[in-house]
Amino acid sequence: MAKKMIINCGNCDARNVSEETLAAYESITVNGGTVIVTPESKNLLNRYNVALNCGNVLELEKDVRLCSVNGSTQIKSTDLVPEKTYLDVNGSLEIGPGTEKVLEQYVGISVNGSVLYPESMSGCLGKLDVNGSTDCYPDDAILLKRSAVIDRLFALRAKNKCYWSAKRMVMVDPDLDPAALAAKGATFSAKEVILAESKVEGLIELIDEKAEIIIVPDGTAVVLDDLELDGLTVKKYGTKLYVTGDVKIRRESREALSQLEYLNIRGDVTVPGALKELLVEKAKEIAGEIKVMRGRYISDSMSVRVSKWMLEQEEEGLSIADCMKVRIDGDIPNEMILEKLSISDCMKVCCTAEQEAALAAVCVDVMKIGEGGSEGDDMGVDDLLKGVGDMVRGALGTAKDTLGTAKELLGTKIINTGDYVL
């Protein structure tokens, strides 16, 4: 008989576990999302070598039916819920209007994620346990995207309704007609609304007074994402920018940055030291952090090799970010590393043992700094023999570990399933 049991599952129902089952194994490990217990079975599990690696432990009576959902789901007024049902959602839950009686049928509801519900249901959520965010929208509102753009085309299709967005609305289209929206009876509700300056008077009465109003100059382009500033950016969006994400500015971006008339950045901005003063001059506001980088900027690569020649060519230095692996040539002295190199948000930096201390001083948010040769390094006979020896020793060690693991697995019962009853 197996000595150990490992259960990998989405949900593990341990409400009816017996002492005979627990006593049959030296150890039991449950890796899952939710483990369901009763007060009695919980005490029983605590008396034995049982490890619960799970996101949630639910205490339910034995006759309660568990309904588990991974992803998005809705509660509608037409839903038929069996008696004594508990709803467990790992994702997002949308509660529809008029679902008071449906909610009463549930013993309880837990959500690991987000919940969306209408205002009229606010007093009916006593059974709801949320680990995440909740958003409440006006009854009878039409739900839009989290970041919704209200433009001329939207106005043509508008109805006598309230339009709601969980995060923001953007109203900067020069062809947007506030009078046409008002005539149709459309109103708007969101946490924040971005308005073009000339549209404020015509639209302000249509917007929920709880919303934060952000006024931008006419002609401003609102970028609902991260942005890399260059000449193409100015051609595409113009010289007035409101950016909701992060911004990258390279040293080649001086001309594009100089052309900007208005700049508002809600995220972080990465900028060469030589352009920081110009950025501060141009930006009306930067909500996030200003990250100053050295000289040439290299990012978003699988592997980057840094040679002594590269650093010698860059008077202002070299900045590397968001790369999987960075290889540092062994002939680069520590003084040059400290003076000319900056590395951030990378997985691994390969270097010699002598270079580790200097690299630790110029690396930020790097997972590993350690020995490793550079691509293209010549390998001598001694190095080759050493490499072969390391491979043989490594293979023998791996074989030994594999045999040990196989021996251990022979005495282990492994169960992989969506739902499991212990």
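Residues numbered from 1 in each chain as written. Predicted model: local features only at pLDDT ≥ 70, side-chain atom pairs only at ≥ 80, totals over all residues. Heavy atoms only, no water.

Participant: Before we go on, may I ask you to explain the overall build of the protein in this structure?
Facilitator: A count of helical and extended segments in the protein gives 13 helices and 33 strands. Taking 422 residues into account, the globule formula puts the C-alpha radius of gyration at 22 Å, and the protein, at 30 Å, lies well above it. Judged by the C-alpha coordinates and their principal axes, the protein covers about 80 × 75 × 25 Å. Buried residues in the protein amount to 40% of all 422 residues. Within the protein, counting contacts between residues at least 6 apart in sequence, those at least 24 apart form 34% of the total. Taken as a whole, the protein presents about 23,200 Å² of accessible surface, with 50% of it coming from carbon and sulfur. Of the charged side chains in the protein, 49 are positive and 68 negative, and the gap between their average positions amounts to 3 Å. (Helix = DSSP H or I, 4+ residues; strand = E, 2+ residues; numbered from the N terminus. Rg over C-alpha atoms; globule rule 2.2 N^0.38 Å. Buried < 20%, exposed > 50% of the residue type's maximum accessible area, 1.4 Å probe, protein only. Contact = heavy atoms within 4.5 Å. Areas by Shrake-Rupley, 256 points an atom, 1.4 Å probe, with all protein chains shown as cover. Lys, Arg positive; Asp, Glu negative; His and termini not counted. Charge placed at Lys NZ, Arg CZ, Asp CG, Glu CD.)

Participant: I tried to follow the packing of aromatic side chains on my own but got confused; where do I start?
Facilitator: When we look at a pair of aromatic rings, we describe it by the centre distance and by the angle of the planes. Across all of its chains, the model carries 4 aromatic pairs by this definition. Measuring from ring centre to ring centre gives 5.7 Å for Tyr137 and Trp164, while their planes differ by 50°; the resulting arrangement is tilted. In this pair, Tyr137 sits in strand E9 (residues 133–137) while Trp164 sits in strand E12 (residues 162–164), placing the two residues 27 residues apart along the sequence. Across the pair, Trp164 and Tyr137 agree in class, each one buried. Ring geometry for Phe154 and Tyr163: centres 4.9 Å apart, planes at 70°, overall edge-to-face. Among the aromatic side chains, those forming a connected cluster through ring pairs are Phe154, Tyr163 and Phe188. (Phe/Tyr/Trp six-rings, centres within 6.5 Å; stacked < 30°, edge-to-face > 60°.)

Participant: Explain the side chain of Ser253 here, please?
Facilitator: Take Ser253: it is sitting in the loop between strand E20 (247–249) and helix H8 (254–259). Sequence-distant contacts of Ser253, defined by excluding residues within four places in its chain, comprise Leu229, Asp230 and Leu275.

Participant: Would you take a moment to explain the sheet that holds strand E17 (residues 221–223) for this structure?
Facilitator: Pairing between the strands of a sheet is mediated by backbone hydrogen bonds and can be parallel or antiparallel. Sheet architecture is open: 4 strands sit in the order E17-E19-E21-E23, paired in parallel fashion. Only two strands of the sheet have a single neighbouring strand rather than two, namely E17 and strand E23 (283–286). When the angles between neighbouring strand axes are averaged without regard to direction, this sheet yields 10°. (Pairing = 2+ DSSP bridges. Axes fitted to C-alpha atoms, helices over the stretch in contact; angles between N-to-C directions.)

Participant: Would you mind going over the environment of Leu22 with me for this structure?
Facilitator: Secondary-structure assignment places Leu22 in helix H1 (residues 19–23). The exposure class of Leu22 is buried, given its relative accessible area of 1%. Sequence separation between Leu22 and Leu422 is 400 residues; the distance between their C-alpha atoms is 9.3 Å. With residues near it in sequence (within four places) discarded, Leu22 still touches Val17, Ile28, Leu44, Leu45, Tyr48 and Val50.

Participant: What is the right way to read the nonpolar core from this model?
Facilitator: Across soluble globular proteins, nonpolar side chains show a tendency to be buried alongside one another. Val306, Ile320, Val326, Ile328, Leu341, Ile343 and Leu359 are the most contacted members of the largest nonpolar core, which totals 22 residues. Elements supplying a minimum of two residues to this core: strand E26 (303–306), strand E27 (318–321), strand E28 (325–328), helix H11 (334–340), strand E29 (341–344), strand E30 (348–351) and helix H12 (356–362). Broken down by element, the residue count for this core peaks at 3 residues, all from H12. (Core = buried A, V, L, I, M, F, W, Y, C linked by side-chain atoms within 4.5 Å.)

Participant: Sorry if this is basic, but what is going on with the sheet that holds E20 here?
Facilitator: The strand order across the open sheet formed by 4 strands is E18-E20-E22-E24, and the pairing between neighbours is parallel. Looking at the sheet topology across the chains shown, the edges are occupied by strand E18 (227–229) and strand E24 (290–293). Taken pair by pair, the neighbouring strands of this sheet meet at an average axis angle of 20°, ignoring direction.

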